[in-house]
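What follows is the residue order along each chain.
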Amino acid sequence: MTLRIEVAATSGAARVGTVTTPRGSFTTPCFMPVGTRGTVRSLAAPDLEELGAEVVLANAFHLLLRPGADAVAALGGLHRFSGWRGHLLTDSGGYQVFSLRPKIDDDGVTFRSPYDGTATRLTPESVVALQGTLGSDLAMVLDVCPPLPSPPAVLRAAVERTLAWADRSLRAPRKDGQALLGIVQGGTDLPLRAESATRTVELGFDGYAVGGLSVGESRPAMLESLAATIDVLPVDRVRYLMGVGDPVGLVEAIALGVDLFDCVLPTRFARHGHVLTSEGRLALRNARFATDAGPLDPACACPTCSRWSRGFLRHLLLVGEPTGRRLVSVHNVSSTLDLVRRARAAVVDGTLSSLRSEVAAVHR
Ligand SMILES: [Zn+2]
């Protein structure tokens, strides 16, 4: 098997495990920082190593547009290209394509490049081949991700097309040792979610992603849909919740049994001066931090908190120094990875419910 999970501890539905691939292994639950274009914005591979990241997400769709999959392959594949030695997961880009109002038919999807307007075609088979050329460790199928809310007929059509494409993706030639994950859709319609999950599992993937959530629905609706999906997923396969990485979302989804997460939130927050701390979210541009000599988070041991003050970092952000965004990104990514490490320890110790209460109290 190309993707094996061994569960080491459980607490209710929550679980801690080790995932093994031909490249090596990583621990779950696992937060994957998002490196859409081959790098996590304003960070470099050594930063992520120092922070203890084990898996990074890259976006096959964006890399196809620029610099092109062949250019990445000519430079030794995505690992050598990006300098990242850990595991890489590539997202198929289904979600991004659908934000470009593409033409969808049974065979695939056609869209105009947001860079130069060139018409580009993706099919389930071409997306598997693309990720093989890039050389990621974990690949995703091309799915149909409708916006929420959508009428029932649109959600149903997205589920049917995603299933048909999932079946074709499994039959497509695939790079040796690359795992392929199916994606469950169904919006927030619980029976449709369960049906999508059941039929995706019947096709038989290395792991299963929960897609089409965290797109504007309420958190209770997101968690209900997630629970309805996980109920159906096999315990011996990796479960990946796409696009969730806020503190409350992370611990609540871990409690439901999710293994893998990705989200742009830590780096996007950093660019806007929002800092994730153990005492809640802090707006660093606020004037009250102008002469604050303390670290971003007194409970954090990251390189930024070990050396620089809130006042200095606020100054960098206000004058537009790129270093400011970079140092706050280091902290926010570190803070997110640290929370997931604490959640893993809490699953082992049986203290996850107190961690959930703590996180809910400071992060709303
Ligand atoms: Zn820090």
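Let me sum up the structure you'll find in this document. From a predicted model like this one, the values you see are computed outputs, not experimental measurements.

## A few points about the coordination of the zinc ion
At the metal site, the zinc ion is ligated by Cys-300 (SG), Cys-302 (SG), Cys-305 (SG) and His-331 (ND1), and these contacts range over 2.1 to 2.3 Å. Coordination geometry of the zinc ion: the four donor atoms subtend angles of 98 to 120 degrees at the metal centre, consistent with an arrangement described as tetrahedral. Positions of the donor residues of the zinc ion along the chain correspond to the pattern C-x1-C-x2-C-x25-H. Residue Cys-305 is found in helix 12 (residues 303-307), and its partner His-331 is found in helix 14 (residues 322-349); the two are separated by 26 residues along the sequence. Judged by relative accessible area, which is 10%, Cys-305 ranks as buried. On the basis of relative accessibility, which here comes to 0%, the residue His-331 falls in the buried class.

## What about a positive patch on the surface?
On the surface, a cluster of positive charge is contributed by Arg-37, Arg-41, Arg-66 and Arg-268. Mapped onto the elements of the fold, Arg-37 is located in the loop between strand 4 (30-33) and helix 1 (45-51).

## Brief notes about the pairing of strand 11 (residues 179-184)
The element strand 11 is largely enclosed, with a buried count of six among its six residues. With burial as the criterion, each face of strand 11 is covered, one bearing Ala-179, Leu-181 and Ile-183 and the other bearing Leu-180, Gly-182 and Val-184. Taken together, the three bridges between strand 10 (residues 138-140) and strand 11 define a ladder with parallel strand orientation. Paired with Ala-139 across the bridge in strand 11 is Leu-180. Where strand 11 meets strand 12 (residues 207-210), four bridges bridge the pair, whose relative direction is parallel.

## Some details on the pattern of salt bridges
On inspection of all chains with the given rule, the structure shows 21 salt bridges. Asp-292 serves as the salt-bridge partner of Arg-310, at 3.1 Å between the closest nitrogen and oxygen. Separated by 18 residues along the polypeptide, Arg-310 in helix 13 (residues 310-318) and Asp-292 in the loop between strand 16 (280-283) and helix 12 bring together distant segments of the chain. A network of salt bridges, in which partner residues are shared, links Asp-105, Asp-107, Arg-121, Glu-125 and Arg-168.

## Remarks on the nonpolar core
Residues Leu-89, Leu-226, Tyr-240, Leu-241, Leu-260 and Leu-352 are the most contacted members of the largest nonpolar core, which totals 83 residues. With near-sequence residues (within four places) excluded, Leu-352 lies in contact with Ala-14, Ile-254, Ala-255, Ala-343, Ala-346 and Val-347.

## As for the sheet that holds strand 9 (residues 119-122)
Within a sheet, neighbouring strands are paired by backbone hydrogen bonds and run either parallel or antiparallel to one another. The strand order 7-8-9 describes an open sheet built from three strands, whose pairing is antiparallel. Across the chains shown, the open sheet's two edge strands, defined by having one partner strand only, are strand 7 (103-104) and strand 9. One ladder, built from four bridges, connects strand 8 (residues 109-112) with strand 9; its direction is antiparallel. Bridged to Thr-110 within strand 9 is Arg-121.

Cut-offs used in this document
Residues numbered from 1 in each chain as written. Predicted model: local features only at pLDDT ≥ 70, side-chain atom pairs only at ≥ 80, totals over all residues. Heavy atoms only, no water. Donors = N, O, S within 2.8 Å, 3.2 Å for Na, K, Ca; no water. Tetrahedral: all angles 85-135°; square planar, octahedral: opposite > 155°, others 65-115°. Helix = DSSP H or I, 4+ residues; strand = E, 2+ residues; numbered from the N terminus. Buried < 20%, exposed > 50% of the residue type's maximum accessible area, 1.4 Å probe, protein only. Patch = residues over 30% accessible without salt bridge, like charges linked within 9 Å, V, L, I, M, F, W, Y side chains within 5 Å. Areas by Shrake-Rupley, 256 points an atom, 1.4 Å probe, with all protein chains shown as cover. Salt bridge = Lys/Arg side-chain N within 4 Å of Asp/Glu carboxyl O. Lys, Arg positive; Asp, Glu negative; His and termini not counted. Charge placed at Lys NZ, Arg CZ, Asp CG, Glu CD. Pairing = 2+ DSSP bridges. Core = buried A, V, L, I, M, F, W, Y, C linked by side-chain atoms within 4.5 Å. Contact = heavy atoms within 4.5 Å.

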